[in-house]
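# Architecture at a glance
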Amino acid sequence: MFARFRRKRIHPVLRDLLQETHLSVNDFIYPLFVKSGVGIKEEVGSMPGVFQMSIDEIVKECDALKQLGIYAIILFGIPDVKDSVGSDAMCEHGIIAQTVRAVKAAHPEMFVVTDLCFCEYTDHGHCGVLDPVLHTVDNDITLDNLARQAVVHAKAGVDLIAPSGMMDGMITAIRAGLDNAGFVNLPVMSYSTKFASAYYGPFRDVAESSPSFGDRRSYQMNPANRNEAIAESLEDEKEGADILMVKPALAYLDIVRDVKNNTTLPLAVYNVSGEYAMLKMAGRAGVIDYDKVMMETLMAFKRAGADIIITYHAKEAAILLQQ
Ligand code: PBG
Ligand code: ZN
């Protein structure tokens, strides 16, 4: 009677047969950071193993990813010139448009996702155009620019657009912009429930996108709010998002499950920079078994309800999944 659970844990084959959740290399999207130049591959101190790369290096990196079975990447751009509106992001010759063209030309089988936002492109580091009176992002002017940026990415040949700026109405605006330009078959993955999180710190070092004043709490969500988290994702579903997302992932697994239970759309999680850095640093300090903690963490995202995991661990996890 007391062996009711344990008798099924004794034989390793039976343990495998009964495993409820499975992790696969097909679950991963790998983030890459692009800057201009040639032959540039610079590691950033706060994220060991993550690099700023020039376009030629990104193209080479895709060879390594394919070897590991990783076919999905998400691109972030670091432009040469930043200005008040983030012009580089809306330019056909901007860093992301150029990178998408280069990657798709060299690797047509790669699935290229672009992050759609302005914080890497504005001189003030906020996710859109500023309202001079409110000193925060002007929602509706930014919507027009997001639609422009989406069409630029579409023309460059992107496979999936992922708006991350948390503007109200962004999916409606982007969908309309894409449809009017003839890109009715280009899907949108919304960062639909994105919290104002301190876990993004290392990313902002790599992407050079820290706000020069204030913070993002007037557009990203309060980490304390659960009902609002569900409502945000459901709103984006209504506006026509094809895939939803919860971000960050690890401290928000309750929200992942809540959103999953309230939608029939596929759900992504973003296993963010601070989550990655914590495991890396603890592993390097010999405090945890990095590989095991990483795989346990990635499995937890799937168990919580994620269909897609955007993660800096993708390459390391892919190697372990091959064994
Ligand atoms: C841009 C964006 C951010 C991240 C993804 N897209 C940063 C932010 O909102 O400040 C964070 C990703 C990470 O921490 O790994 N809006
Ligand atoms: Zn942003």
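Provided above is the structure to which this section pertains.
Let me sum up the structure you'll find in this document. (Residues numbered from 1 in each chain as written. Chains lettered and ligands numbered in written order. Predicted model: local features only at pLDDT ≥ 70, side-chain atom pairs only at ≥ 80, totals over all residues. Heavy atoms only, no water.)

### Some points on the packing of helix α2 (residues 55-67) against helix α3 (residues 95-106)
Our working rule: The angle between two axes is taken between their N-to-C directions and runs from 0 to 180 degrees, where each axis is a line fitted to C-alpha atoms and a helix contributes only its stretch in contact. The way it works is that DSSP assigns letters per residue, a run of H or I at least four long becomes a helix, a run of E at least two long becomes a strand, and they are numbered from the N terminus. We call a crossing left-handed when the near helix sits turned anticlockwise from the far one by less than a right angle, and right-handed when that turn is clockwise. Note on contacts: a residue pair qualifies if any of its non-hydrogen atoms lie within 4.5 Å across the two residues. Just so you know the grouping, Ala, Val, Leu, Ile, Met, Phe, Trp, Tyr, Cys and Pro go in nonpolar, Asp, Glu, Lys and Arg go in charged, and all remaining residues, Gly too, go in polar.
Packing of α2 against α3 leaves a shortest axis separation of 10 Å and a crossing angle of 40°. Regarding α2 and α3, the two cross each other, and that crossing is right-handed. Of the residues in α3, those in contact with Ile 55, Ile 58, Val 59 and Cys 62 of α2 are Ile 95, Gln 98, Thr 99, Ala 102, Val 103 and Ala 106. Here the residues of the contact of α2 with α3 are counted per class, giving eight nonpolar, two polar and no charged.

### Some thoughts on the coordination of the zinc ion (ligand 2)
Worth spelling out the cut-off: Distances up to 2.8 Å from the metal define which N, O and S atoms are donors, and 3.2 Å serves for Na, K and Ca; water is absent from the atom set, so sites may look incomplete. By the criteria applied here, four donors are tetrahedral when all angles lie between 85 and 135 degrees, four are square planar and six octahedral when opposite donors are over 155 degrees apart and every other angle lies between 65 and 115, and any other arrangement is irregular.
The zinc ion (ligand 2) binds to the protein through Cys 117 (SG), Cys 119 (SG) and Cys 127 (SG), with metal-donor distances spanning 2.2 to 2.3 Å. Around the zinc ion (ligand 2), the four donor atoms sit at angles spanning 94 to 124°, and that spread fits a shape best called tetrahedral. The sequence pattern formed by the donor residues of the zinc ion (ligand 2) is C-x1-C-x7-C. Of the two residues, Cys 117 is situated in the loop between β5 (111-116) and β6 (130-131) and Cys 127 in the loop between β5 and β6; the sequence distance between them amounts to ten residues.

### As for the environment of Leu 298
To be explicit about the condition: Burial classification: accessible surface area is computed with a 1.4 Å probe over protein chains only, and a residue below 20% of its type maximum counts as buried, one above 50% as exposed, and the rest as partly exposed.
As for its position among the elements, Leu 298 is in helix α10 (residues 290-304). A relative accessible area of 0% means that Leu 298 is categorised as buried. For Leu 298 and Asn 271, which are 27 residues apart along the polypeptide, the C-alpha to C-alpha distance reads 8.5 Å. When near neighbours in sequence (up to four residues on either side) are disregarded, Leu 298 contacts Leu 23, Phe 28, Asn 271, Ile 309, Thr 311, His 313 and Ala 317.

### Quick look at the site of ligand 1
The test is simple: Nearness is judged by heavy atoms alone; a residue qualifies as near a molecule or strand once a single heavy atom is within 4 Å of it. Throughout this description, a polar contact denotes any pair of N or O atoms lying within 3.5 Å of each other; where both atoms belong to protein, one of them has to be capable of donating a hydrogen while the other can accept it, and for residues adjacent in sequence the pair is counted only when both atoms sit in side chains.
Around ligand 1 sit 19 residues, and of these Lys 194, Arg 204, Lys 247, Ser 273 and Tyr 312 come closest. One of the side-chain N or O atoms of Arg 204 is found 2.7 Å from an oxygen atom in ligand 1. Between ligand 1 and the protein, one listed contact pairs a nitrogen atom with a side-chain N or O atom of Lys 247 at 3.5 Å. Of the residues belonging to the shell around ligand 1, the class tally is ten nonpolar, three polar and six charged.

### Here's the deal with α10
Here is the rule: Under the convention used throughout, the expected extent of a helix is 1.5 Å for every residue step, that is, one less than its residue count.
Taking 1.5 Å of rise per residue, the 15 residues of α10 would be expected to cover 21 Å, and the 21 Å separating its terminal C-alpha atoms lies within 8% of that figure. Buried positions along α10 lie against β1 (28-35), α8 (253-262), β11 (267-271), α9 (273-284), β12 (308-311) and α11 (314-322). Phi for Gly 305, located one or two positions after α10, is positive at around 125°.

### With respect to the packing of aromatic side chains
Put simply, the rule reads: Stacked, edge-to-face and tilted are the three classes for Phe, Tyr and Trp ring pairs, Trp counted by its six-membered ring, which pair at centre distances within 6.5 Å; planes under 30 degrees apart are stacked, over 60 edge-to-face, the rest tilted. The rule for a charge over a ring is simple: NZ of Lys or CZ of Arg within 6 Å of the ring centre, and within 35 degrees of the ring normal.
Within the structure shown, the criterion is met by eight aromatic pairs. Consider the rings of Phe 33 and Phe 76, whose centres lie 5.3 Å apart with planes at 20°: the pair is stacked. With Phe 33 in strand β1 and Phe 76 in strand β4 (residues 72-78), the pair connects residues that are 43 residues apart, well separated along the chain. With respect to class, Phe 33 is no different from Phe 76; both count as buried. Taking the centre distance of 5.0 Å and the plane angle of 80° together, the rings of Phe 76 and Phe 203 count as edge-to-face. With a gap of 127 residues between them, Phe 76 in strand β4 and Phe 203 in helix α6 (residues 201-207) connect regions that are remote in the sequence. Judged by relative accessible area, which is 13%, Phe 203 ranks as buried. Cluster of aromatic residues (ring-pair linked, three or more members): Phe 33, Phe 76, Tyr 191, Phe 203, Tyr 270, Tyr 276 and Tyr 312. The ring of Phe 51 has Lys 41 sitting right over it, with the charged end atom 4.8 Å from the ring centre.

### With respect to the nonpolar core
What counts is decided by this rule: Residue types Ala, Val, Leu, Ile, Met, Phe, Trp, Tyr and Cys, when buried and joined through side-chain atoms within 4.5 Å, form a set referred to as a nonpolar core.
Counting residues in hydrophobic clusters, the biggest one holds 105 residues, and the most contacted among them are Phe 33, Ile 73, Leu 75, Met 189, Tyr 270 and Leu 298. Here this core gets seven residues from one element, more than from any other, and that element is α10. Apart from the residues within four sequence positions on either side, Phe 33 is in contact with Val 50, Phe 51, Gln 52, Met 53, Ile 58, Phe 76, Ile 78, Phe 203, Val 206, Ala 207 and Tyr 312.

### Quick look at the pattern of salt bridges
To be explicit about the condition: The rule for a salt bridge is simple: a side-chain nitrogen of Lys or Arg has to be within 4 Å of a carboxyl oxygen of Asp or Glu.
The full count for this structure, using the stated rule, is 18 salt bridges. The closest approach of N and O atoms between Glu 208 and Lys 35, which form a salt bridge, is 4.0 Å. Placement of the pair is Glu 208 in the loop between α6 and α7 (227-239) and Lys 35 in strand β1, with a sequence separation of 173 residues. For Lys 35, a relative accessible area of 18% translates into the label buried. A salt bridge links Arg 226 to Asp 258, with the nearest nitrogen and oxygen atoms 2.6 Å apart. One end of the pair, Arg 226, is in the loop between α6 and α7; the other, Asp 258, is in helix α8, with 32 residues separating them in the sequence. The buried category is assigned to Asp 258, whose relative accessible area is 11%.

### Concerning the side chain of Asp 236
Quick note on the threshold: Charge assignment: positive for Lys and Arg, negative for Asp and Glu; neither His nor the chain ends contribute.
Following the sequence through the fold, Asp 236 ends up in helix α7. Buried Asp 236, no salt bridge; nearest opposite-charge side chain is Lys 238, N-O distance 9.6 Å. Within the structure, the side chain of Asp 236 is placed 2.5 Å from the side chain of Ser 190, a separation counted as a polar contact.

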